[in-house]
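# Overview (structure and organization)
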Amino acid sequence: MSSKSTPATPEGGIETSQGSSNPLSRKLNKILETRLENDKDALEALKALSTFFTDNNLRSRRKLRGDIERRSLAISEQFADAFSVVTDQLDSINQDVEAMNNSCQDMTKRLELARDQTSDLINKTTDLQKEGQRLDMRARVADAFLAKYQLKPEEARVLRGTRDGQLQENFFHSLTRIKQIHNDCKVLLRTNQQTAGLEIMESMALHQETAYERLYRWTQGECRSMTGDSFEVTLLHCKAMEALQDRPVLFRYALDEFGTARRTAMVRGFIDALTRGGRGGTPRPIELHSHDPMRYVGDMLAWLHQASASEKEHLDALLRLASAQSREEEIQEILSHITEGICRPFKVRVEQVIVAEPGPVLLYKLTNIHKFYRYTIGQLLSKEASLLATLEEMEEFAQKVFFNALNVKASKLVDKVELPPADLGPTGSLTQTLSLLREILTSHDSSVVSMDTRQADFAKILGCVLDPLLQMCSLSASKLNPSDMAAYMINCLYAMQTTLSLYEYTDQRLEMLEAQVDAHVDTLVNEQASFVLTRVGLLQIYSIAQQHLTTEGPLSSVHGMDSSSVRDGINRFDSFLGSPDSFTMPQIKLLHSTTVREKIHKRAVALICSAYELLHTAINHPANDYTEPGSIVKRTPDQIKSLVS
Amino acid sequence: MRISQVARDRNLIKFPQPYKEETPYKERDFEPKVRDACLANKTGTVGLQVSKVIVVGDVSVGKTCLVNRFCHEVFDRDYKATIGVDFEVERFDVLGIPFNLQLWDTAGQERFKCIAAAYYRGAHVVVIVFDMRESYTLDHAKRWYQESLLENSHDPHIFLVGTKRDLCESHEEVQKVEEAAMEVAREIKAEYWSVSSLSGQNVEEFFNRLAGITFNASVLKALDDLEAKSASRQIAIAQSSENRIKLTPDDIDGGPGYKNKKAGCCN
Ligand SMILES: Nc1nc2c(ncn2[C@@H]2O[C@H](COP(=O)(O)OP(=O)(O)OP(=O)(O)O)[C@@H](O)[C@H]2O)c(=O)[nH]1
Ligand SMILES: [Mg+2]
């Protein structure tokens, strides 16, 4: 405000003096030029003047200047007062600021001091932080390492198992892990972590040992309990066997345990089947049929077959995963062991049956059924199995007793020989023996035995029966005259032929029988021819004619060979031509075989014809000196031939 | 009667030689005709040949042992009398032709003579056996010869065989027996052999010789028959001995002796 009032102050005169050439004019000009209405300061100043200059008189005018100066002084005093307060305040502020500055400086100093002091720490901290990170990293690596090279607690727990010894499903997972880890350690051994590798390996090996031990104990326990009729081979069992493969000894022990359990089970099952039958009594106990040897032994063998098959199935199932190598040999070995137990109870029973001598036919059937089952069961078991040996033994035993029985029967045949019956047919003992033979050979049909053994069997049986039979026939025939003997022998041989011709592998025997028949046929042919000639009274005539030599003179002069005797004979020969059948020897009529009968007849007729021809030639021969030979032998040999054939 | 189990190859290519130089059978080789026919046997002119051999002789001289040694290569010390006859077939292959030797081992016991005699007929070969240690069995050889020929009107080959040669103590003994045997052999026109069934000495050689001779004869006859047939169908019935009725002396007499003999021979 003071500045505004300035121009209005009396000091304006100074200005004028300062700046115009003509200071008065300029001053004047200036005053003239001043526009009071536009000069706010002036206006203000005037307004303020108007507040206290109320009376315009001389005195007041003289006094004005004082007034104003007084007034100005007061105001200045006022002003000064007001400003002293401000000054005081500013001083205090100044003091404060200074104090602050001091303390700040102090603080800074202290801070600097502190900073100097902490920088070490900070460095340390940074180092530690870095270290911390590194360690963190290592921790993670270690975790990963542990995860890879150590068992999880859960896994370890599974391995240790529960108190009751049960095996959990994930046991095998843990076991695989151990193995895996153990295996992975080899990688470690190749790095510079050998110690760790070795240690881990060692600990895994330890784990593994305990795990296998436990697995074995468990498997052993399981196998031991497999003695029931029906038990199940579970996946767990299979896996256990699979895992145990790595410990061949334990594997073998477990298998043996299984074998022993099954062996016991099989024996019990067999005894049960014999005495108690199936569940609820069906099938009925096998021993119920012990009175029927075939049924009894057959049922036992069938049971053995079926049981052997299911035991093999069980074993196959148990070892189905344990396929690291072929198990066939082990399976066979265990199977032999399992089936071995049954041998004794079976053998005892079969021996009883055989020793009771149920007769040759049954014995033979027993032999064959053993043969059959030996073959059938032989497809399940290895050759070394005791069961097979037992079957073979029983087969041989039955066969031995069979041949024994047969031989006894046969030797009885020769011991007491029946006389041939009047009809010259086969004796009772021949018929009976042949029917026995038939029964035996027929029972062979139903047996499944290889061709070779069958052929060998047949040869032996036939030898056993036929040779004594033939001897018996020879013995009983030895008291007969040649014709009866021939007829009787032919009938006996024919009966044998008829029987044999029904069966295979008898060709050679049949051939021999045929040769024997032929020998006797020859006898009968000759006998029949002589018989006819004797009946017509020509025999002697023929005989003389046959032996006569031309050097001995004419035949007609030989005693008994004169024309009339010869004519008589030839005439009687006509009676033969009339009814040749009535001239058949009774023995030939008794022959059973029509073929043989006809054969003998034909050949005898041929023989007679040639005898006639001989006579005809002799009588017609001029040297023999017969008168009118045409009247003695009226017919030509050809006519005779056509008449009788 | 036993079936020969062992199927051996009895192959005859070379003609087997006699035991002694002196023999009625002069054959030292197959007849050229026979050899040609067999070797060129494409036409099938010569089929399977069968020869029937009967073995006769006293009780227990070793007939069965002889046959069994040959057929089964066995020897049994125990004596088991043959009842009636035993029968074996031995299969040969001679010059490529199958050949069956039927061996009829007859019983020496008197009571079986009848039944054994039934098998004599039609024999191609008669083997008369005696025991080299028992001279009477050689004395009986002539009787066996006559009895077997009675049933055979055509001429069979005859062999005289001394067995149990192994029992002879010295070479001199063998020589002595063989001298006596040769005497008999000459008389009955037989070829002589000394054998031992125990050691097998000469058994194989003897049967091979027998087979060779009878095979040769058998084929020769087959060829002759074939020729005769094709040349002209001559009927020689009256001449052919095969078609004669065999007559025993009793038949001609018609006397009672005949019946007596038949009833008596088997007692
Ligand atoms: N040392 C020895 N003993 C023999 C020989 N041949 C046969 N024997 C014995 O003589 C006995 C009778 O033998 P067989 O062959 O049965 O007599 P076989 O002639 O058949 O008697 P039949 O049948 O009754 O006619 C037996 O004890 C034989 O062991 C042989 O060459 N040497
Ligand atoms: Mg004998």
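What counts as what
Residues numbered from 1 in each chain as written. Chains lettered and ligands numbered in written order. Predicted model: local features only at pLDDT ≥ 70, side-chain atom pairs only at ≥ 80, totals over all residues. Heavy atoms only, no water. UniProt positions renumbered as here; feature names shortened; annotations may be inferred. Donors = N, O, S within 2.8 Å, 3.2 Å for Na, K, Ca; no water. Helix = DSSP H or I, 4+ residues; strand = E, 2+ residues; numbered from the N terminus. Buried < 20%, exposed > 50% of the residue type's maximum accessible area, 1.4 Å probe, protein only. Contact = heavy atoms within 4.5 Å. Buried area = accessible area lost by both parts, 1.4 Å probe. Salt bridge = Lys/Arg side-chain N within 4 Å of Asp/Glu carboxyl O. Polar contact = N/O pair within 3.5 Å; in protein donor to acceptor, adjacent residues only side chain to side chain. Near = heavy atom within 4 Å. Areas by Shrake-Rupley, 256 points an atom, 1.4 Å probe, with all protein chains shown as cover. Nonpolar A, V, L, I, M, F, W, Y, C, P; charged D, E, K, R; others polar. Pairing = 2+ DSSP bridges. Right-handed = clockwise from strand over helix to strand, strands pointing away.

Per an unreviewed UniProt entry, chain B is named Ras-related protein Rab-36, and its organism is Strongylocentrotus purpuratus. Entered under Catalytic activity (unreviewed entry) in the UniProt record, the comment concerning chain B runs "GTP + H2O = GDP + phosphate + H(+)".

Chain A carries the name Conserved oligomeric Golgi complex subunit 6 in an unreviewed UniProt entry, which gives Strongylocentrotus purpuratus as its organism. You can read under Sequence similarities (unreviewed entry) in the UniProt record for chain A the words "Belongs to the COG6 family." For the record of chain A, the UniProt heading Function (unreviewed entry) holds the text "Required for normal Golgi function."

### Thoughts on the coordination of the magnesium ion (ligand 2)
All names here are of chain B. Bound to the magnesium ion (ligand 2) are the protein donor atoms Thr-64 (OG1) and Thr-82 (OG1), situated 1.8 to 1.9 Å from the metal. Remark: Thr-82 occurs in the loop between helix 2 (63-72) and strand 3 (85-94) and Thr-64 occurs in helix 2; sequence separation between them is 18 residues. Residue classification places Thr-64 among the partly exposed positions, given a relative accessible area of 23%.

### So, the interface of chain B and chain A
Listed per partner, the contact involves 32 residues of chain B and 39 residues of chain A. Buried surface at the junction of chain B and chain A, both sides included, amounts to about 3400 Å², of which 62% is carbon and sulfur. Among the ionic pairs, Arg-91 of chain B bridges to Glu-511 of chain A, the shortest N-O distance being 3.7 Å. The interface formed by chain B and chain A includes 2 residue pairs in polar contact (both at pLDDT 80 or more). At the level of elements, strand 3, strand 4 (97-106), helix 3 (113-117), helix 8 (249-253) and helix 9 (256-264) of chain B are the ones that each hand at least two residues to the side of chain B that touches chain A.

### Some thoughts on the site of ligand 1
Residues and elements named next belong to chain B. In the vicinity of ligand 1 there are 23 residues, among which Lys-63, Thr-64, Arg-77, Tyr-79 and Thr-82 approach most closely. Within the contact set of ligand 1, an oxygen atom lies 2.9 Å away from a backbone nitrogen or oxygen of Asp-76. Within the contact set of ligand 1, an oxygen atom lies 3.5 Å away from a backbone nitrogen or oxygen of Leu-198. Protein burial of ligand 1: of its 650 Å² of free accessible surface, 94% is covered by the chains. Class assignment for the residues of the shell around ligand 1 results in 9 nonpolar, 7 polar and 7 charged.

### Re the UniProt feature "coiled-coil region" (unreviewed entry) in chain A
Per the UniProt record, "coiled-coil region" (unreviewed entry) is found at residues 90-117 of chain A. Regarding residues 90-117 of chain A, the helix share stands at 100% and the strand share at 0%, and the terminal C-alpha atoms are separated by 39 Å.

### A few points about the pairing of strand 7 (residues 191-194) of chain B
Residues and elements named next belong to chain B. In strand 7, alternate side chains face the same way, and those of Glu-191 and Trp-193 on one face and Tyr-192 and Ser-194 on the other are all buried. The pairing of strand 6 (residues 157-163) with strand 7 spans 4 bridges and is parallel. Bridging across to strand 7, Phe-159 finds its partner in Glu-191. As a crossover connection, the stretch from strand 6 through helix 6 (residues 171-188) into strand 7 is right-handed.

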